[in-house]
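Commentary on secondary and tertiary structure
Each chain, letter by letter, is given below.
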Amino acid sequence: MEFRDYYKILGVDKSATADEIKKAYRKQARKYHPDVSKEPDAEKRMQEVNEANEVLSDAEKRAAYDQLGSRYQAGQEFQPPPDWGSGFEFSGRDFGGAGGDYSDFFANLFGRGGAAAGGPFRSAAGQGGYQMRGEDRHARILIDLADAYHGAVRTISLQAPVADESGRIVVREHSLKVQIPRGVKEGQHIRLASKGSPGIGGGPAGDLFLELSFRPDVRYRVDGRDVFTSLPVTPWEAALGASIETPTPSGPLQLKVPAGSQSGRKLRLKGRGIPAPAGQDAGDLYVLLEVVLPPADSDAARHLYQEMARELAFDPRRQNGQAKGV
Amino acid sequence: MTHTEIVVGVVLDEAALTLEELARACAVDTRWVVEHVEAGFLGDGSLGVSHWRFSSNDLTRARCLRQLERAFAAEPELAALVADLQAEVRSLRQQLRAAGFSESRGS
């Protein structure tokens, strides 16, 4: 695990005031926000900026980080010292809406997404002998599109703050096998009861919300429950019609390509998109035909093209209403 | 040490969140949610707090609003406008991808 220089990430001096940190964060957030940024690694950079802001905008965390940071350089191999966190108490304020996507470095120092019981620090709220429910936590997981069609069980790794033998809160990695129900959509949440941050003073644990995203698949594109795919076809299949075996997320099927199809024709397979729970409509699968020409890379192929040119009075520019030769 | 267990969750939208559950999931006070629903920034506009139910979209949007308001000290109206624009950008990008166009990143 490498040490992270949060001041460098925000582009501020170590003596920066709270106001300067706030301004630097807003400037960087505008630059790297994934919805507007043109930077190729915008999402990763935005996470770093969020993380840096979470620490430097909080006086308590900043003081703890500064104490530690005086001994490290950015990128240097880092292990939290055994006494890390002793002598500090956090007020129990939350970590903000950065989504819980924190680096291992952050998680080891402050916990991951848990607020009151953040990392190795004892919460002030935890000292009073009363019970408090643990915070809800959030994580984003990638699933395959096929999982939405069939349902699946996926193993996810999470780091969570837990109390050790001496009552200190430490970050431990654990894995969960999560059932992904059939018919889920991108952006939906699965709520796992009592899998969030542990409660305080014997209070119940919070919930864990998993936000679902589909793992990018070059074969398929998804919009809601509708799924889109492209199917390369030969000119004769498009012209004469054909029955073609087509891969789909639910398994291969025989697709009837109508005669006279052109490149770009969209065939709709009703109900073959992502399934839906009872009472709702399943999505559709759209197959976009792409007519691919065979290369004229042999005498026989060239001869066939020349024969077509002679025999077929075909001028696509005239068909499109364009004047010949323009 | 690692341990493994099988967990069966509930998909939001099939069992939507109550007001209190949404507030807790966003680490905000219920009053914050009520104000945002009454202002039309959240929820489906239905009447009666006790009947309010919130979907996955509401949860995503509420967390987004909260982050914008907190990180940028944004007025709720401005945060809602930015959230609308972000949602619009994401929707248009999704449509582009569905139409077979890949969005260009970088100059």
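Residues numbered from 1 in each chain as written. Chains lettered and ligands numbered in written order. Predicted model: local features only at pLDDT ≥ 70, side-chain atom pairs only at ≥ 80, totals over all residues. Heavy atoms only, no water.

Helices and strands together make up the secondary structure of chain B, namely four helices and two strands. Within chain B, buried positions represent 37% of all 107 residues. Across chain B, every contact between residues at least 6 apart in sequence was considered, and the portion connecting residues at least 24 apart equals 48%. Accessible surface, chain B: about 6200 Å² in total, of which carbon and sulfur atoms supply 55%. (Helix = DSSP H or I, 4+ residues; strand = E, 2+ residues; numbered from the N terminus. Buried < 20%, exposed > 50% of the residue type's maximum accessible area, 1.4 Å probe, protein only. Contact = heavy atoms within 4.5 Å. Areas by Shrake-Rupley, 256 points an atom, 1.4 Å probe, with all protein chains shown as cover.)

All names here are of chain A. With five of seven residues buried, strand S3 (residues 137-143) is to be regarded as a mostly interior element. Judged from the seven bridges that link them, S3 and strand S7 (residues 208-214) form a sheet pairing that is parallel. When the bridges of S7 are listed, Arg140 appears paired with Glu211. (Pairing = 2+ DSSP bridges.)

Each partner contributes to the interface: chain A provides 49 residues, whereas chain B provides 41 residues. For the pair chain A and chain B, the two sides together bury roughly 3900 Å², of which 47% comes from carbon and sulfur. Taken as a group, A:Asp35, A:His189 and A:Arg191 account for 17% of the area that chain A buries against chain B, more than any other trio of residues on that side. At the boundary of chain A with chain B, the tally comes to one salt bridge. Between A:Arg191 and B:Glu21 there is a salt bridge; the shortest N-O distance is 3.0 Å. Linking chain A with chain B are 11 residue pairs in polar contact (both at pLDDT 80 or more). Elements supplying a minimum of two residues to the side of chain A that touches chain B: helix H2 (18-32), helix H3 (42-56), strand S5 (169-180), strand S6 (189-192), S7 and strand S8 (220-223) of chain A. (Buried area = accessible area lost by both parts, 1.4 Å probe. Salt bridge = Lys/Arg side-chain N within 4 Å of Asp/Glu carboxyl O. Polar contact = N/O pair within 3.5 Å; in protein donor to acceptor, adjacent residues only side chain to side chain.)

A few words now on H3(A). All names here are of chain A. An ideal rise of 1.5 Å per residue puts 21 Å on 15 residues; H3 measures up with 21 Å between its terminal C-alpha atoms. In terms of burial, H3 is largely enclosed, as 11 of its 15 residues are buried. Here H3 has its buried residues at Ala42, Met46, Glu48, Val49, Asn50, Glu51, Ala52, Asn53, Glu54, Val55 and Leu56. (Expected span 1.5 Å × (residues − 1).)

On to the side chain of A:Arg62. All names here are of chain A. Among the secondary structure elements, Arg62 is positioned in helix H4 (residues 59-69). A relative accessible area of 14% places Arg62 in the buried class. Those residues in contact with Arg62 that lie beyond four places of it in its chain are Tyr7, Lys14, Ser15, Ala16, Thr17, Ile21, Val55 and Leu56.

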